[in-house]
Every structure is written in C-alpha cells, then in structure tokens.
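# Working through the structure, step by step
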Amino acid sequence: MLLNKRHPEEVLVLTKRIHEPGYDGSIDAYLKHGGYKQYLKAVEMTPEQVIDEVKVSNLRGRGGAGFPTGMKWGFVPRQSEKPKYIVVNADESEPGTCKDRVLMENDPHLLIEGCLIAARTIGAQLGYIYIRGEYRFLVEITERAIDEAYKAGWLGENIQGTGQTFHLRAHTGAGAYECGEESALLESLEGKRGVPRIRPPFPAVSGLYQSPTILNNVETFAAVPSILEMGGKAWAALGIEKAGGTKLTCLTGHLNNPGVFELPLGYPVEKMINTVGGGIPKGRKLKAFIPGGSSCPVLTGDEAWPLTMDYDSMAKAGSMLGSGGVVVMDETTDMVKAALRIMHFYAHESCGWCIPCREGTTWLKKILHRLDEGHATAKDIDLVGDLAKNMLGRTFCPLGDAAALPTISIVHKFRHEFEAKIAHTAAPPTAEQLVALN
Amino acid sequence: MVASDVQTVTININGREIQAPSGQLLIDAAKQSGIEVPAFCYYEGMALQAACRMCLVKIEKMPKLQAACTIPVAEGMIVHTEVPEVIEARKSMLEFLLSNHPLDCPVCDKGGECELQDMTFRYGLGESRFTEIKIHTPEKQWSPVVYFDSPRCILCYRCVRVCGEGMGVHALGVVNRGVVSEIAPNLNDHLNCDECGACIDICPVGALTSGPYRYKTRPWEMNHVGTVCTHCSNGCKTTLGVKNDEIIRGNNRDRSGLNDEFLCVKGRYGWDFHRHPERLTSPLVRKDGKLVEVPWSEALKTVANRFSEIAARGGTIGVAGSNHTTNEENFFLQKFARQGLKTPHIDHHRTGDVVALLDALSGSTGSLGTAEDFLNSKAILVVGADLSQQQPFLANQIRTNVRHRQAHVYVVTPGPVREDQTAKASVRYTDAGTLDRAVAGLHDALKAEPELLIVFGDAIRGEQVKRLVEFGASFGTAVKYVCLVDHANSRGASDMGLYPHLGPGYSSVDKGMALPEMLGDATLDALWVVGSNPLKKAALASSTAFVVVQDLFLTETAQRADVVFPAAHAYEKSGTITNVCGQVQRLKPGVRTMGAKPDLEIMGLLAKEMGLKLGIWTHDALFEEIRRTVRGYNVPLPLIQTGGAASTEPVNGRIALDGRPELVVSSGDTLYTSGTLGRYSKMLNSLIESPGALYKA
Amino acid sequence: MTFSPTLEERFSKLLDSYPEGKTRSAVIPMLLYAQDEIGSVTPELVQEVARRCRVTPLQVEEVVGYYSMLHRKPMGRIHLQVCTNISCMLVGAMELYGHASRKLGIGHKQVTADGQFSLEEVECMGACSWAPAIQTNYDFHYNVTPEKLDQLLDSLKKIQ
C-alpha cells in the first residue's frame, strides 16, 4: 500500500484509520474501527438534518472548485419522478493531485459509507464510482470492497433492516482529464465523448441519465461520515472560518519529504513546505508555487510564503486552493519549460468542443515550444500572454481558464526568463524550426 | 403557443428596451429586434451547442461574457453586444478559428457565400498572428454526393445535428479529441445515409462540399431560380443554381416554400437528367420501321393528319396522361381528348386512391391534411407507407414535429421504417387482413388523441379507404387524412380529370377505357402517351395502333412509337403543379433545351395543326380556366404568383367510383429512384451503386 | 467475437451494472477491458461492442479516438508509460523518459521490433507525490530513477 509516514503536524480525520497499525481497509477492519456507524446515525436523522449538518460543517467540494457541499445536496429536488443517482468523481487527474487514491486504496469502505449516507439523504438507489482508467488497481480494490459491503448487508436491498436500497458500482474511465469536469464525467459515464454539458441544468436537477444526481469528489464523500460523527460544528472548527475541516494535501515537486498529508484548512504555506514537506532540497530557494493543481495561477516564492492553505487566502493572492495538489518549484526550475509542459498537457486534454480552447491551447503550445527552443521573438512573449487572455473566461468549460491562468501568471511573473531565451535569437524562425503537430 | 400564456419580459440591449417572451434565448430576442449577434454553431431548431463562442455578449451583473445562444432572457436584463469587450472577444474567436483554417478561399466552393468569410469581414482582425504550420489532413470523399475537407471545418456540429436530429439518420459523428477532432461518417471512410446533402447546405464553411457542384462555378456567376422539385409528390421548393442553361445545384437555403430548408437527394442533386446525352432534342418519325429525326413541322403534320383521319372515321384513340406534367397541360390534354378527339378513353397511372378518399369524405369539411398538419398535428397515424423513402419531406415534417412538439406517431407498416425510432407504437402487417387488425388494435390509443392525421399509401384502396375514414370518424375528434401519391403532379393529374370516368374536379363524364384496357384492346387505332411509360411493364395488344409519345427520352413506350416529340421537363416550364396534400404551386423555368418543347406547346401546336378550337393554350390562360371551372381550384392568384402554396378545397360531394381499386399501384420509387427521370440521372444511379447506399432499389 | 470466460463474465456483469436501456454506459469500460485482452481496439471490436451495447458503430468510434488509453494499434507486451507532467518533470521525468527511449530504442507510442515493449509519454497519472512515476501496463512504479528503470525493464524481460 502506498502511504507515506504520518507527520506529527497532520490532523487525522479522514485518514485516521489508515494510520492505525495493521489496518488493512477490509470491511472487518473498517467495522472494528467504528465504520458504517455514521450511516446508522444518518438513518435516525431526517434528510434535512443530514444536509444541515453538512452545511454547518462548511465542507466545500474537494475536487477543486470548492462549491459548498451542503448547498449542492440541497439542490436535489425532494420529489422526483425520475430515479436519483449518486456519482463519485474518482477521476483524479489534475496534475499535482494524488490524494483520492490514498483514501480509496487504504480505506475503500469510508467512501462507500459516504455514498450510502448521501444516497439515504436524497433517496438514491444507485450510485457509480467513476475511476480514472489509469487507476485499474483502485477499480479492483473498490469492486472488492463493494462485494464485501454487499455480503455484509451494507449495500443492496433493505440495508441493515432499514428498508433502504442502494446499489453501488465501480466504473472505469479510459484516459481523459476533461472527465474530471462533472458534466463531462456524466457524459462519459453514459458512454459518450467526455464533452461538458451546457449548464444549467446542473447535475442536482438533471445529471446522470437526465436525472437528479449528487456528484462529488472522493474526498468530499469521504468527509461526510466524520462530519456526522463529530457534528458539523466541531468538524468546521478543525479548519478556519468559511472553510471547515481538513484537506488532503499532496506535496509534490522540489521537497525533501513529498507525500499526501491531511492538514487542517488554513495551514501556513511556510510550515507546510519546511516542516511537513521537509524543506526544499539542498537549501534552495522557492521560486514558484502552485497551491492546488496545474490549473491554478502560479505564485512566486515571495507571494506564497506568507499565505495559508485555504480558499480565501489563495484567492486574495490571485490564485486558488484547487484540488490540493501543491507543486513546489525551486530556484533551478526553468519556468519557460514549466509553462510549456503545462500547456502541452492542456492541449493534449482539450476536448475540442469549443473554439478558443481547442485552437488556443495548441497554438500556445507551439509558441511556447519555439520560445523554449530559442526560435522565438520578443513579440511571441506578448502573443502568449495575449492569446491566453483571449481564452480566459470565454471557453465553454473551465479547462480553457485552467490553461490560461497558469500561463498568464508565468509570463507575467517570470517574463525575464522568456526574454533570456530569445536574447540570442539571430533570425526569425525558418519553416523547419516551426513545430508541426501530429 | 397561444400569446396569452406567454409572459413577456423587458430587457435592454445596447440601450434599447426590448420586449421578449419569457424563456426566449437572448440570441433570438436580439435577432427579432434587428440586433445581430453572430454565431456559427447556433442554429434555430437544432440542439444548443455553445461551442463556437462567437455569440458572447456582456450582460450586466454577470462576471464573464455570456453565450447569447444558451441564456434565456430575464426581466431587467441589460445586455451589450457592441462594447469593446465583446468586439474584442469576437475578434479573438475568429483569430483562433482562422489559425488552422487553410485560407484557400480562392479555390473553395464556398467562397463568396461562406459564413466564416462574412464574419471575418465584419468582425475579424485585419491581420494574422499565426506563424506556425497549420494542421493538414487530405480531403476525403464519403459518397458520390459528400466530400469532406477537414482543415476547413470549424466544428460547429451543424452537420452532425441536421443528420441526427433533422434527418433521423445519425450518419455523422465526431472522432478524435482536441485540435485534431474531426467530423466522421458512419462507415469509417464512407457514408451510409440518405445522401440528402443537408449537411453540405448547412455547413457554414467549405468543409462539406457536394460532388455535383465541386469546382463548377463561383456562386456569384449563377442565376437562382426558385421552382418546385419534379420528383416525388411532396412539392418541395428548390432553388436551382443555373449557369449557361445548365443546372449547377439545387437547394432551398432561401427557405422559400413549404419545405423550409429541407430537400432530399432528388431535390438537391437529382436534376442531372437535364443534360443527359440521351435526351431527345428532335422529333422522331418512324420511316421504314426506324425512328428518324424530322423537323417539328413534319412530325406535327404526321400526327395531325393521322389523328384527324382516325377521329373522323370514329376510330378508337386512347390517351395516357402524366403524373409529371403541369395542371394546365393535364387540363388541356383531357380537353383535347374529350372535345378535340372526341374520345372518352383517357387515363393515367394512379398511384393512390385519391378518388375513394374524396368520396368517403363527402359531406365533411377541413378533413384533408396539408404539409403543415404533418408539422403541427398532435398525433399522426401512418398506414402502409415508408415515408422516409417515398415521402421524404413529409417524413421530415413528422420528425420536426416530434422534436419540437412531441407529436405521437403511430406506425402500421409491413416492414421497419425510420418513424419507428420515435413512434409511440409500431405495428407490422403482412396482408390486408392483418392490416385491418393492426389498425383496429390502435383504436383506444388513437381515440385518446385530441386530434389525428391519418396518412395512407396504396395498401389502402377502394372499400378500405371508406372503412379507414369510418374508423377515424368514430373517434369523435378532429381527424384529417392524406392519401399518398407518388409523383410531382399525381394529385394534379387526378384533379384535372385524367380518368376514364371523371372529368376535371371529379365531374362525371361518359365512361371510357382505363389504361390497361386501352393497352389490351387489339383494335385500338391510336395511342397518345404524354410523359408516361406504360409499355415498360405492359405490352400493347394492337399491332396497328398509331402511337404518339411525348417524352424526354426514348423510353420503352417511345421505342414503340410512330412519332416521338421531345418534351421539356419541369425545370424548363411554367405552369402549376399540385402536391400530395393538394397544395398548388407554380413552376418557374430555369433552363432550356434546344429542340425540346413543353408538352403544352406540343399539344397546342398539334391542336392548331388539326384546326381544333380548344381555346387559348398559354399557361396563364389555362390556369384562369382551371380556377374558374375546376372545383376546388379557385385559389388566390397572388399567392400562387409570388411562389406560395395554395391549398385546394376538397371536392365535397359523392364521386362516381369506377370500382377498379386494383388500378391503384404505387410506383414503388425509393429515395434514390424516380421513374424515368431517375433512370436518366447519373447521380441517383451512382448512389444506388455506391457501397454506402442506405436504400437499394 | 469470442473472449475469454473471465472477460465474458466481466461483460455480462458490466451490462447489468446500468439501468434498463442504458447499455451505452458500458461502451467505454468494455472497450478498455477488451483491449486489455486482445491488444488493441480493432474494427471488429468496434462492431462487437456496438452490437453488445446496442449502439451504432459510429457511436463507438466517437469514443475510441477520444480516450487516450484506447489504442487502435497494438502496444508492446509491456506498455511503458512515463509521466512527464509538471510534478514528475521537476524531479527528472524528462531525463527518465529520454533514458527509456534510448534504452528501448523507440519513441513515443512506438513498439520494439520484438513486440515486447512499447513506450508512451503520458500525462499526469496521479502519483505526483511519489514522482517520477511510471506505469508498466497497469502497474505503478514510484520514485523511479534511470537505474531503477533499467532493473525493472530487465526483470520484465526475464519474466518472458
């Protein structure tokens, strides 16, 4: 099992069982450690009480957008002629993010219990866990856990004598970042191209098979049992005002002790890097910082140091908390290459539906490639910023912004590195130096 | 929708107060107020895409620009469509679009009528900042009709939608991802579809082009002639693109006529019989057993002399009229036969039992369905007809109805039909007995419908028509009927009295021989066939009969003729025709063929040569006469003259039936065949032979 | 087409996983599982999946090209996927990819002549805290160095 050593600074809520010695994530182990009790608690509560508890907890979606979960659940119509569905977004693919897998691999029943509570709350009888195709091992682990839950009567019909029916299935994706966007995920789950839908209607009203659907990230569902256990208020108090609880944070990049750690919201960046992350190797300086996956605007080291890891603090600094994928870049990092690699990713993952994202990401990739190779002119630097701005806020779904934001910030904040690369360009590029795609 | 149940909201666009129905899309509300919000992917009547991002507008109190194509108007909305932010966004979209667009406009078929050109001209940047290598993929041919040039494609998905939602064919999809996303056909490298060409017409750029039109002309070099398609009975308006007396294309992009933009493959591409090398351009007279070319005067004189001689001695003359010729021609032909030749023996190939329906409906009003009823009726019952194959426009009306108004469709057919896809109930039958039972089985469902349109093909004839009308009447709801017929003017031939027992307007006349009897009469002295080919399937019993044929080609019947007149086709003529629903429209000549003459002119010259006094034989004069004398045809002249379709009133009274329902036989044409015209259309034949043809002949 | 009993069992379970009339949902998993067994998404497989899921072949084609894990051509027995996305790139993934490419003598999406190995530079595979990460088929390997990669490839060669 992939699990880094517990750090004393961690506040273990979602991962508390995982770190128990000998804990193997089986249903027996889960039940022994108080598993599925919160579901039974939810059975005693009305749906409104459960939603209120989640609202009080200040739980915000852990996939990256940070939408208040209680509010999202509240949008599901009570009465519906159509069946309702639970869908788990386990398409973890935001670069820098690898937290959901830790929960799913080590404590799969926690996710199942979260789904069960959500299903009870909105009256869903069927749910899907959409797992990215690359995580085949998690499909297997999840399927095994689901089988265990069926056998032990925690899934299926008349669950534990409550009269509730809930079926849960694992569903594999096949390689598409865009399917992390909730409406694209639903399209994919329906067997189509992972192209986002026009919204409204939102999934709460018309989601899977045009039916009311709760769709949340793995960590969001996994947080629900502990919210019921601790009570929303106490859970909220783990974090800071307006952003309750803990967040699984993935420390990646130039760090002595990278790993996935459960830290309370509002945790200081400086401590996160230097204490939890063990500092930057060789005592190097922090050049750039991505708070939560490559879609976030990049911060300079100076900008990042005084911040805390929460929604408002990051927003104030012009970035966002995102998915919890922290990327630490030290002074040796080539920011032109970083920009190129990020754009390479978005060009590869653009679904192609709308014009600005489809054309913009590839065009930007080509220019950045020339910049990196030293075949560009000063005008090209402006063009990169300009094209990224032309995508920003104008694309069909957030992928365009996700590509534009880091690019704009890198060009703006590290312009000198781009300029350094063109300094020696003697002549405009020849046709051979231009990059052909495919 | 009734005006009273729609709430009106007030919005403000560019400082102008505008009233719009609540829920209307902003892009439509703007358009109705004369404010253009440009868009590629938005297409009225089709699913929303929000993909091209051209329609982004500024709405106050909203953080980002909004796509006007997906946002409904709301009270108090303040919208700006011409502020710098919006203008800037449009420029950037066009810049993105053009980045990988080949800019081969000088050799692109679409050049001059390309929406991307127009948008760039109006809203675009003056320069290009793209210096990379453009993505290129080679052009592909998907069928005899459809060519696809992927680099030109802007991925607006109009083609995908018109094929799927519009045609119900779903032959186009999108493959790959991101910048290499591409439209793809359903059989890997070729199409299996209706070949209707709707995808080509709806393409805003030159990505989809048509085989017949490719590299033939620049759009501005053509004249455009709006006339009526000459193939099936649906009466679609088609606008012919004409250059140097050649037809280059047919479409209905101007949305004139009852068919909006719809056309099937025959309407769009089935005009190439016009310049077929075997087209007759000179009269032929049989000399020494061989048909030889002669001057018009000689041919006319030959026929006039023989007709006069036979008529004078009281010989038997049979006349076979056409399902393709105009009302005026049909009217004049029966007049010529009955008054000039004094023969009662006149008939035509009957493709539907219109007479039985009109008789069965006697006493009721408003019971004949129109093309609009297919679009609006809440429920439709289709009996014994594959509409997508044989009545493509009517089928399209039903699909549109289902899509926008959720009409209930009931299907009773011998085999699977496309209407099954959305039908509330589909029932199969094998023979007349099971047919009756299948229809009866739908009684309760149909009775529950607030209104119903019953459409039937040649499986329902004679007494069955009567029974079907009684069945419909038993519901006590508003029920309308359409008796399906096959050819462009089958209905007109019927209305103009090309029957051995009925005159114009279904008036009773002295009974003559029906067509099979004429052919079987060994003593027949003369047979005059106008625009028809009865000898294709039957033999002529009389070996001595003098046979005169007017046609475009040397058909089986023409080969037996003693004199053949080269006739003009509908695209070379004036006059009116009546569609399957009894709607009259006017033809407009677009081209001419040296040597051929319209049938009316041939008949008129013949009358003159024979010294017959049959009145003025211009189309206008004859149409006036028809309006005055043929029951049901007193239609408003301005409507006809301006290209509209006028409904003819049903004949209301009992009609003498000849008790010969077996004479009603559908031609069995498919989407790719069209009688003689189809046989001489290279395009239609190539479709039948192409591997992807959805329908085999 | 016929598949192994295990796969057939998986397919029938898969088709049962979705509500009545929603068998289209099974298209993507079915393609991926079938590819695992037969090596690539062949034209026959497209037809077969279309038939089993009651969709048109075009609807299957539409997704084949969309999802990056679906391949129309067979990959090697061991499909080596090297992530070079940002977190991995920072700790040597580019060099690792170059090393793999040189060692195997093949480039992006190419297969060795003996069909044993194929190489692909992939996007983030969700193992960022243990970078650089690679996958051999579905197996993850973390904190990979060129030396560790050599050992891994050698051991995989031996299994054969």
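Residues numbered from 1 in each chain as written. Chains lettered and ligands numbered in written order. Predicted model: local features only at pLDDT ≥ 70, side-chain atom pairs only at ≥ 80, totals over all residues.

In terms of regular secondary structure, chain C is built from seven helices and five strands. Its helices and strands taken in sequence order, chain C reads α-α-α-α-β-α-α-β-β-β-β-α from the N to the C terminus. Taking the principal axes of the C-alpha coordinates as reference, chain C spans close to 50 × 30 × 25 Å. Within chain C, contacts between residues at least 6 apart in sequence are counted, and of these 57% link residues at least 24 apart. (Helix = DSSP H or I, 4+ residues; strand = E, 2+ residues; numbered from the N terminus. Contact = placed C-beta atoms within 7 Å.)

Helices and strands together make up the secondary structure of chain B, namely 23 helices and 28 strands. Scaling as 2.2 N^0.38, a compact globule of 697 residues should have a C-alpha radius of gyration of about 26 Å, and chain B matches this with 28 Å. C-alpha extents for chain B along the principal axes are approximately 90 × 60 × 45 Å. For chain B, with 697 residues in total, the buried portion stands at 54%. (Rg over C-alpha atoms; globule rule 2.2 N^0.38 Å. Buried ≥ 20, exposed ≤ 12 C-beta atoms within 10 Å, placed from the backbone.)

Residues and elements named next belong to chain B. On the secondary structure map, Cys-156 appears in the loop between strand E7 (146–148) and helix H4 (158–166). Judged by the 27 C-beta atoms lying within 10 Å of it, Cys-156 is buried. For the pair Cys-156 and Cys-52, spaced 104 residues apart in sequence, the C-alpha separation works out to 6.4 Å. Look past the residues within four positions of Cys-156 in its chain and what remains in contact with it is Phe-40, Cys-41, Ala-51, Cys-52 and Pro-204.

Time to look at the interface of chain C and chain A. Contacts between the two partners involve 36 residues from chain C, matched on the other side by 50 residues from chain A. Broken down by secondary-structure element, the contributors of at least two residues to the side of chain C that touches chain A are helix H2 (27–38), helix H4 (57–64) and helix H5 (86–90) of chain C. For the side of chain C that touches chain A, the leading source of residues is H2(C), giving five residues. Here the side of chain C that touches chain A is built from residues that sort into 23 nonpolar, nine polar and four charged. (Nonpolar A, V, L, I, M, F, W, Y, C, P; charged D, E, K, R; others polar.)

Attention now moves to the packing of helix H1 (residues 5–16) of chain C against H2(C). All names here are of chain C. Put simply, H1 and H2 touch, their axes get as near as 11 Å, and they point 175° apart. Relative to H2, H1 is oriented roughly antiparallel. For the pair H1 and H2, contact is made by Leu-7, Arg-10, Phe-11 and Leu-14 and by Pro-29, Met-30, Tyr-33, Ala-34 and Glu-37, respectively. (Axes fitted to C-alpha atoms, helices over the stretch in contact; angles between N-to-C directions. Parallel < 35°, antiparallel > 145°, perpendicular 65-115°, else oblique.)

Turning our attention to the nonpolar core. Within the largest apolar cluster, 404 residues are counted, with the highest numbers of intra-cluster contacts made by Cys55(B), Cys163(B), Val382(B), Val455(B) and Leu31(C). At ten residues, the largest contribution of residues to this core is made by helix H14 (residues 335–349) of chain A. (Core = buried A, V, L, I, M, F, W, Y, C linked by C-beta atoms within 7 Å.)

At the interface, 27 residues of chain A touch 28 residues of chain B. Of all elements in the fold, only H14, helix H15 (355–373) and helix H16 (378–391) of chain A reach the threshold of two or more residues within the side of chain A that touches chain B. Residue contributions to the side of chain A that touches chain B peak at eight residues, all from H15(A).

The next point concerns the sheet that holds strand E2 (residues 16–21) of chain B. All names here are of chain B. One open sheet holds the five strands; their spatial order is E2-E1-E5-E3-E4, and the pairing between them is mixed. Edge strands, defined here as strands with exactly one partner in the open sheet, are E2 and strand E4 (66–67). In the sheet, strand E1 (residues 8–13) pairs with E2 via six bridges, with the strands oriented antiparallel. Note on E2: the bridge partner recorded for Thr-8 is Pro-21. Packing against the sheet, helix H2 (residues 84–99) makes contact with strand E3 (56–59) and strand E5 (78–80), and its axis sits at approximately 165° to E3. (Pairing = 2+ DSSP bridges.)

A word on the pairing of strand E18 (residues 379–383) of chain B. Along any regular strand, the residues point their side chains to alternate faces of the sheet. Residue and element names in this part refer to chain B. Of all the five residues making up E18, five are buried; the element is thus mostly covered by neighbouring parts of the structure. Judged by which residues are buried, E18 turns out to be covered on both faces: Ala-379, Leu-381 and Val-383 on one side and Ile-380 and Val-382 on the other are all buried. The sheet contact formed by E18 and strand E19 (residues 408–413) spans five bridges and is parallel. When the sheet's bridge partners are listed, Val-382 is paired in E19 with Val-411.

All names here are of chain C. If you walk across this open sheet you meet the five strands as E2-E3-E1-E4-E5, and the pairing is mixed. The sheet terminates laterally at strand E2 (110–111) and strand E5 (139–141), the two strands that pair on one side only. The pairing of strand E4 (residues 134–136) with E5 spans three bridges and is antiparallel. Among the inter-strand pairings, Gln-135 is bridged to a residue of E5, identified as Phe-140.

A few words on the packing of helix H8 (residues 327–340) of chain B against helix H20 (residues 619–629) of chain B. Helices that pack against each other are described as a pair by the angle of their axes relative to one another and the distance between those axes. All names here are of chain B. Where H8 meets H20, the closest approach of the two axes is 9 Å, and the angle between their N-to-C directions is 75°. Taken together, the axes of H8 and H20 lie roughly perpendicular to each other. Residue-level contacts link Asn-327, Glu-328, Phe-331 and Phe-332 of H8 to His-619, Leu-622, Phe-623 and Ile-626 of H20. Here the residues of the contact of H8 with H20 sort into five nonpolar, two polar and one charged.

Further remarks concern helix H6 (residues 108–122) of chain A. All names here are of chain A. Between its first and last C-alpha, H6 extends 22 Å over 15 residues, near the 21 Å set by a 1.5 Å rise per residue. Within H6, 15 of the 15 residues are buried, which leaves it mostly tucked inside the rest of the structure. Of the residues flanking the end of H6, it is Gly-123, one or two places downstream, whose phi is positive at about 80°. (Expected span 1.5 Å × (residues − 1).)

Next up on the list: the environment of Ser490(B). All names here are of chain B. As for its position among the elements, Ser-490 is in helix H16 (residues 490–495). For Ser-490, a count of 30 C-beta atoms within 10 Å puts it in the buried group. As a C-alpha pair, Ser-490 and Arg-350 span 140 residues in sequence and 7.4 Å in three-dimensional space. When residues no more than four places from it in sequence are discounted, the contact partners of Ser-490 are Ser-233, Asn-323, Thr-351, Gly-352 and Val-485.

The subject of this paragraph is unusual backbone geometry. Residues Arg199(A) and Pro200(A) are joined by a peptide bond in cis, for which omega reads -5°. As for its position among the elements, Pro200(A) is in the loop between helix H8 (182–189) and strand E4 (213–217). For the peptide bond that leads from Pro200(A) to Pro201(A), omega is 5°, which places it in the cis range. Note that Pro201(A) resides in the loop between H8 and E4. For Gln406(B), which is not glycine, the phi torsion reads 55° and is therefore positive. Assignment of secondary structure puts Gln406(B) in the loop between helix H12 (392–405) and E19. A positive phi angle is found at Tyr506(B), which is not glycine, with a value near 65°. In this structure, Tyr506(B) sits in the loop between H16 and helix H17 (515–520). For Tyr506(B), a count of 24 C-beta atoms within 10 Å translates into the label buried.

As a further point, take the environment of Arg122(B). Its place among the elements puts Arg122(B) in helix H3 (residues 115–123). Separated by 125 residues in sequence, Arg122(B) and Ile247(B) place their C-alpha atoms 32 Å apart.

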